[in-house]
Structures are given as C-alpha cells and as structure tokens.
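For reference, the chains in residue letters:
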2 protein chains.
Amino acid sequence: MVQLGRHYGRGPASLAEIAAAEDLPRAYLEQLAFVLRDAGLVASTRGAHGGYELRRPPQDIPMSEILRALEGPLAPMICATDAPEHADLCGRTASCTVNLLWVRVRDAVAGALDGMTLAELVPPRSMLVPLEPSAAAPEPTSNQPLEGALT
Amino acid sequence: MVQLGRHYGRGPASLAEIAAAEDLPRAYLEQLAFVLRDAGLVASTRGAHGGYELRRPPQDIPMSEILRALEGPLAPMICATDAPEHADLCGRTASCTVNLLWVRVRDAVAGALDGMTLAELVPPRSMLVPLEPSAAAPEPTSNQPLEGALT
DNA sequence: CTCAATCCCAACCGATTGAGTTGGGATTGA
DNA sequence: TCAATCCCAACTCAATCGGTTGGGATTGAG
C-alpha cells in the first residue's frame, strides 16, 4: 500500500514490481490486492501493463479504512467489535463488565487510525536509512520520545 | 480479577469460588492467578481457607498493569512493542515506514488502559445496565437469540 | 492471431498462539 | 492426620495467520 502511495499518479503498478520492492511473495500480495480492490481502495487494470492503482490520493485514505479492509472490523475482543452485524457473539457480554474496557480500547485504536492517512506513511523518499546490523546496541534508555505527538 | 475487586476488603477468595462465579475452569484460573501474583498484583495465602486477594485497592490498579501482566507487553505488532528488551526483532523496521502507525496505535491503547482502573470495572452490583440504546442500530433483527437475559 | 504479462480466485499448508487440561506436589488450618 | 487450598510444569487442541499452489481470464504488443 505504501508502495502504491509512493507510486500514486504514475499509473498502475504491477504486483511484480511491488513484490520486488517490498521483498514479499507476489502470490501473497495478490490476496491482499483484491481485498483492497473489493473494498474500493485500489483499482486494477488487467492485461499486459496492468496493475493496481490507488483510487484516491493518499491523503484522502485514512488508515482505519485500510486496516478494516485488510483485517476486518476492529475489535480487540469479540465482545467489542466495530461491526454492528455480529454485535455480540460473546454470550457472556451481559454479565461481563470488562466489555467497557474493550470498547474504550477499540475506540482509542479507531481514533488513532482515523487520525492518520496513508500519505503520512509514504516516506519523503530519501529518508530510507539502510539498516545497520548493530542490533542490540546503543540506546537502552530509549523510552519512547514519540509520546508528545498525539494530536 | 473483577471478582477479586468486588471481593476486596473481605479477605482472600479461593479460586474455587471465583471459578464458580465466573464459570471458568479452576485450573485455568490458577495459571492466571500466579502470573498476577508474580506481577505483584495479588497476594496468596495457602492452606485451608487460603485464597487470593488484591494487594492494592482496585482504584489504584490501572488496567494497563493487569493487561501487561497477563498478556505481556502491549504491542499491536512486533515492531512496536512496549518492552525495550526486544525492541526490534522485525528486521524490516528500518525500511518499514508503517512502524509509525503501530507506535501510535500502541500509545493510544496504552493511554486508554492507563486511564482506567480496576475499580471502574467492578460493577456497583445492581447496576448492570442494559446496553446503551446507541446511535446506529435500528435493526436488531433476527439473529442471535443469545442473550438479553440481562441480570 | 498468438503469446506473454498481468490480474483473478479458491483451496490448501504449516507454524504460532492462546485457551484450557493433566497431574503431581507443598502448605496450612482444623 | 486430613482436607482444602495454592503451586507449577508439561501437555493438548483448535483457530488464526503468513504464505503457497495451481489453475483460470483478460488484454496489449508483435
């Protein structure tokens, strides 16, 4: 998807390209590709020189939409699903006071996801740092400095 | 846990009681019980008339603590774990711009969980409210005769 | 017209995970 | 002593998820 975002405006990208770029098996991407298509997020053109293409500019695609398409309704637990249709299969729900918790968690997640668009994940190109194998290294203290950024 | 919350201040509750109250297998609760104990959330007393007991009043126990004890570090994806020690096993992390997303989701969840204490889940007994009538559910149609046996 | 490139789609596989089970202690109050 | 209780590790079992297989259908280019 990010690849598609980067590619946006340049015509369809073939799965083969994307597979190469992301180092993922093409066949696997196919599956994802068509749930995304069914969800109306991407358009496909068949035949030689076909491929996939975003149907909207990346900044108009909230991540929540993508995630819901790919992973189904957001639901930290079955008893707190997003999707009205199978509202509760839990059975226990009535007596389960914990439900409230999950609902809040779900809403928090939904909020985070709604507040973020695909555009934000398309890297400004050039900030692709090559990975260094110094894995276990230098910044042990590292308590997420990212905290402040939640708008 | 909620059971323990409700029981708080009345001495230890045996797993047998809890198992009965929650309709869960006792042996299973045992497992949970002692990860909670190891986490310092509950205290146990052995022997006849023993049982478990909260070590702090419910309103001093954030749900985040319970969840982390039971389920491990919060991490919607491996690449966005809470726990510094296995910071990234993802390998892809460097090139993976999506990481940012997961981090935000994780923080959202953490926020929701931190902002909620066990006390809030211990029902005041008697107020088992039937679920909110809510906005967009005009059609409870057919399905699931499951529950409705509220209280 | 033919053929390679591409999307389309369903069924399958295998490792991981999580809920739950089994079984055998160790402690302690009555 | 004995029953009630906690302690603990190893196990089973089913669902899920990342990924694979294997076959089409469509289309542009030569």
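Here the structure is a predicted model, which is why all the values come from computation and not from measurement.

Here we look at the nonpolar core
- If you look at the biggest cluster of nonpolar residues, it comprises 59 residues, and the most contacted ones within it are Met63(A), Ile66(A), Leu101(A), Met63(B), Ile66(B) and Leu101(B).
- At 7 residues, helix 5 (residues 99-114) of chain B tops the list of elements feeding residues into this core.

Structural notes on the confidence of the model for chain A
Residues and elements named next belong to chain A.
- Mean pLDDT over chain A works out to 77, with 70% of the residues at or above the 70 mark.
- At the level of individual helices and strands, chain A shows its lowest average pLDDT in helix 1 (residues 2-7), which scores 68, and its highest in strand 1 (residues 42-45), which scores 94.
- Ignoring residues within four places in sequence, the model shows residues 128-151, a span with pLDDT below 50, making 10 contacts including any to other chains.

Some words on the packing of helix 2 (residues 15-22) of chain B against helix 3 (residues 26-38) of chain B
Residues and elements named next belong to chain B.
- Helix 3 packs onto helix 2 with a crossing angle of 115 degrees between their chain directions and a minimal axis gap of 9 Å. Pair helix 2 / helix 3 crosses with right-handed handedness. Contact with helix 2, carried on its side by Leu 15, Ala 16, Ile 18 and Ala 19, involves Arg 26, Leu 29, Glu 30 and Ala 33 of helix 3 and no other residues of that element.
- Looking at side-chain class alone, the contact of helix 2 with helix 3 contains 6 nonpolar, no polar and 2 charged residues.

Here's the deal with helix 3 of chain B
All names here are of chain B.
- Between its first and last C-alpha atoms helix 3 spans 18 Å; for 13 residues at 1.5 Å apiece the expected length is 18 Å, and the two agree.
- All of the buried residues along helix 3 are Leu 29, Ala 33 and Leu 36. The arc that holds the buried residues of helix 3, viewed along the axis, is 65 degrees, so those residues lie on one side.
- Where the residues of helix 3 are buried, they touch helix 2, strand 1 (42-45), strand 2 (51-54) and helix 4 (63-71).

Focus on the protein's contact with DNA strand D
- Near DNA strand D there are 24 residues, and of these Pro25(A), Gln31(A), Arg37(B), Ser44(B) and Tyr52(B) occur at the shortest range.
- Within 4 Å of the protein, atoms of DNA strand D come from sugar and phosphate in 58% of cases.
- Within the side chain of Gln31(B), one N or O atom sits 3.1 Å away from a base nitrogen of DNA strand D.
- Taken together, the elements giving at least two residues each to the surface near DNA strand D come down to helix 3 (26-38) of chain A together with helix 3, strand 1 and strand 2 of chain B.
- When its residues are assigned to classes, the surface near DNA strand D shows 9 nonpolar, 10 polar and 5 charged.

Thresholds applied
- Residues numbered from 1 in each chain as written.
- Chains lettered and ligands numbered in written order.
- Predicted model: local features only at pLDDT ≥ 70, side-chain atom pairs only at ≥ 80, totals over all residues.
- Heavy atoms only, no water.
- Core = buried A, V, L, I, M, F, W, Y, C linked by side-chain atoms within 4.5 Å.
- Buried < 20%, exposed > 50% of the residue type's maximum accessible area, 1.4 Å probe, protein only.
- Helix = DSSP H or I, 4+ residues; strand = E, 2+ residues; numbered from the N terminus.
- pLDDT = per-residue confidence, 0-100.
- Contact = heavy atoms within 4.5 Å.
- Axes fitted to C-alpha atoms, helices over the stretch in contact; angles between N-to-C directions.
- Left-handed = near helix turned anticlockwise from the far one by under 90°.
- Nonpolar A, V, L, I, M, F, W, Y, C, P; charged D, E, K, R; others polar.
- Expected span 1.5 Å × (residues − 1).
- Arc of directions from axis to C-beta.
- Near = heavy atom within 4 Å.
- Polar contact = N/O pair within 3.5 Å; in protein donor to acceptor, adjacent residues only side chain to side chain.

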